[in-house]
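Notes for the structure review
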Amino acid sequence: MGSNNVNSVIVVGGGLVGSLCAIFMAKRGYHVTLFEFREDIRTAKFARGRSINMALSNRGRNALRAVGIENMILESAIPMKGRLLHDLKGRTTSVPYDALTGQCIYSISRNYLNNVLLTELEKYPNVKIFFNHKLISVSFEDERISVINLKTQEIETHQADLIIGADGAYSTLRRYMQQTPLFEYSQTYIQHGYLELVIPPENGPKMTLNHLHIWPRGQFMMIALPNKDNSWTVTLFMPFAKFESLRNASELKDFFYNTFPDAVPLIGENLLVNDFFKVKPSALVSVKCKPYHVGGKFLLIGDAAHAMVPFYGQGMNAGFEDCFILDSILERRSNDISGSIEDFSRERVEDAYAICELAMYNYVEMRDLVTRSSYRLRKFFDDVLFKCMKEKWIPLYNSVTFSNIGYKKCVENRKWQNKIIQKFIWTIGLGTSALLAYGLRICLY
């Protein structure tokens, strides 16, 4: 226990999930120490890491609401009520996320959100934040971690009642957990990377507002999310081999004019060439592991526990939901840390596996299936049945994005819905066949 019989918590990682988790722990009255290997992004001249916009939805909002900062975040977020699909001729089609109730997701800057969370965390007197500190070793036997001060190179050893790894997809804490018996781990890289471009503020108003724009092109796609300054963050997802085939400005411009013709004047040729060749495309990894805890004090959350590809917009939301669920379990168990982290592992793993799989599937949907008549027909069925049976028939996207239903349950509901629709189609088919056969008999006799 910490001083005065108050639990002490170490959070490794000061990104989105780590900083929010630290706020939850601080609100519980715990003594919180947060270690972040980067410098303070609020004062850094150049923000490190990805700047890709985040899509905030119900699960993330629920967690932010629990710590009292949802409204402040939404004031700087931009609602997106649906997808706007761009075809090869520049024609667009709006596909609402929720045509019945009008719910939407919100575009928010990763760095802005991280800034707000860190600033909110600093308000708690029971919190200490150390930037430029990196976790370098873990001893589960001694229940200690070692952290190096990257400025002084001094190594410090720390203990706490609870040590939480929120240190991302390449988590150091998880790497040590992988050396313990019965710990399961797998990672999958897709052969597609991503590269960020931008539509500058002066061209932003030419875009249709309050949508997530998608240029689906079968084997790859491009998306754009709005920013408060009228710019749009554009992300190109494409096979690495295709990225490598575009070797110079001429090849790049030819590719864009043939593939995303309406996007070129929005981005601008010079900015397109500059941003495309400025950095190499980044990799996309999906991580699964279990359990999320070792012993009675060490726990993984967020990407450290379940990194996923970004195509369902649930990576941050699932991580924020982790924080909310952990806090709820601690409340339920009256701050019994050992029992709480064991419960968290048991209750969360299958849901995390489910959303990792859904995220993989949604890439195929976004880049290809959205253009097919079968997709539009299924969406029509979902919308009609949702309108008629709102409590019983919730489309998959709605259940994942606009509810708190467990991810695994969302998948099970989808499978049940598929069976119902298949039976309906079979019934219609058999009925039609019977009518045709009856008509044929009348004609013949």
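Residues numbered from 1 in each chain as written. Predicted model: local features only at pLDDT ≥ 70, side-chain atom pairs only at ≥ 80, totals over all residues. Heavy atoms only, no water.

Details of the overall build of the protein
Filter applied, for reference: To qualify as a helix, a DSSP run of H or I must reach at least 4 residues; to qualify as a strand, a run of E must reach at least 2; elements of each kind are numbered from the N terminus. As defined in this context, the radius of gyration uses C-alpha atoms, and a globule is described by 2.2 Å times the residue total to the power 0.38. Throughout, exposure labels follow a simple rule: accessible area from a 1.4 Å probe, protein chains only, divided by the maximum for the residue type, with under 20% read as buried, over 50% as exposed, and the rest as partly exposed. Any two residues having at least one pair of non-hydrogen atoms within 4.5 Å are treated as being in contact. Note on areas: Shrake-Rupley, 1.4 Å probe, and residue coverage restricted to the protein chains presented here. In this charge count, Lys and Arg are treated as positive and Asp and Glu as negative; neither His nor the chain ends contribute. Lysine's charge is taken at NZ, arginine's at CZ, aspartate's at CG and glutamate's at CD.
When helices and strands are counted, the protein shows 15 helices and 20 strands. Its C-alpha atoms give the protein a radius of gyration of 24 Å, near enough to 22 Å, the size a compact globule of 445 residues would have. C-alpha extents for the protein along the principal axes are approximately 95 × 55 × 40 Å. Counting across all 445 residues of the protein, residues that qualify as buried make up 53%. The contacts in the protein between residues at least 6 apart in sequence include a share of 71% that link residues at least 24 apart. Total accessible area on the protein is roughly 21100 Å²; 54% of this is exposed by carbon and sulfur atoms. In the protein, 52 side chains carry a positive charge and 44 a negative one; their mean positions are 6 Å apart.

Points about the sheet that holds strand 9 (residues 133-139)
In plain terms, the rule: Being paired, for any two strands, means DSSP has found at least two bridges between them. An axis is simply a line fitted to the C-alpha atoms; with a helix, the fit covers only the stretch in contact. Between two such axes, the angle follows the N-to-C directions and lies from 0 to 180 degrees.
Taken in spatial order, the 3 strands line up as 9-10-11 in an open sheet, and their pairing is antiparallel. Edge positions in the sheet fall to strand 9 and strand 11 (155-158), since each of these pairs with one other strand and no more. Direction aside, the axes of adjacent strands within the sheet are offset by 25° on average. Relative to strand 10 (residues 144-149), strand 9 is paired through 6 bridges, and the arrangement is antiparallel. Counterpart to Lys134 in the pairing with strand 10 is Ile148.

Points about the nonpolar core
For clarity, the cut-off: Take the buried Ala, Val, Leu, Ile, Met, Phe, Trp, Tyr and Cys residues and link them wherever side-chain atoms come within 4.5 Å; each set so joined is a nonpolar core.
Counting residues in hydrophobic clusters, the biggest one holds 73 residues, and the most contacted among them are Met25 and Phe320. The element that contributes the greatest number of residues to this core is helix 1 (residues 16-27), accounting for 9 residues. Ignoring anything within four residues of it in the chain, the contact list for Phe320 reads Leu16, Val17, Leu20, Gly60, Ala63, Leu64, Leu113 and Leu117. Core analysis: the second largest hydrophobic core is formed by 60 residues, Val95, Tyr97, Ile199 and Leu358 among them.

What about the pairing of strand 10?
The buried fraction of strand 10 is high, at 5 of 6 residues. Relative to strand 11, strand 10 runs antiparallel, the two sharing 4 bridges. Its bridge partner lying in strand 11, Ser146 is registered against Thr157.

Section: empty space enclosed by the protein
Condition: Here a cavity denotes a set of grid points, spaced 1 Å apart and computed over the protein atoms alone, in which a 1.4 Å probe fits but from which it cannot get out, and a pocket denotes an open set meeting protein on both sides within 12 Å along at least five of seven lines; residues with an atom within 4 Å of a point are reported as lining. Grid points are joined across faces, edges and corners, and a volume is the space filled by probe spheres set on the points.
In the structure shown here, the tally under the stated rule is 1 cavity of 30 Å³ or more. Approximately 30 Å³ is the volume attributed to the largest cavity.

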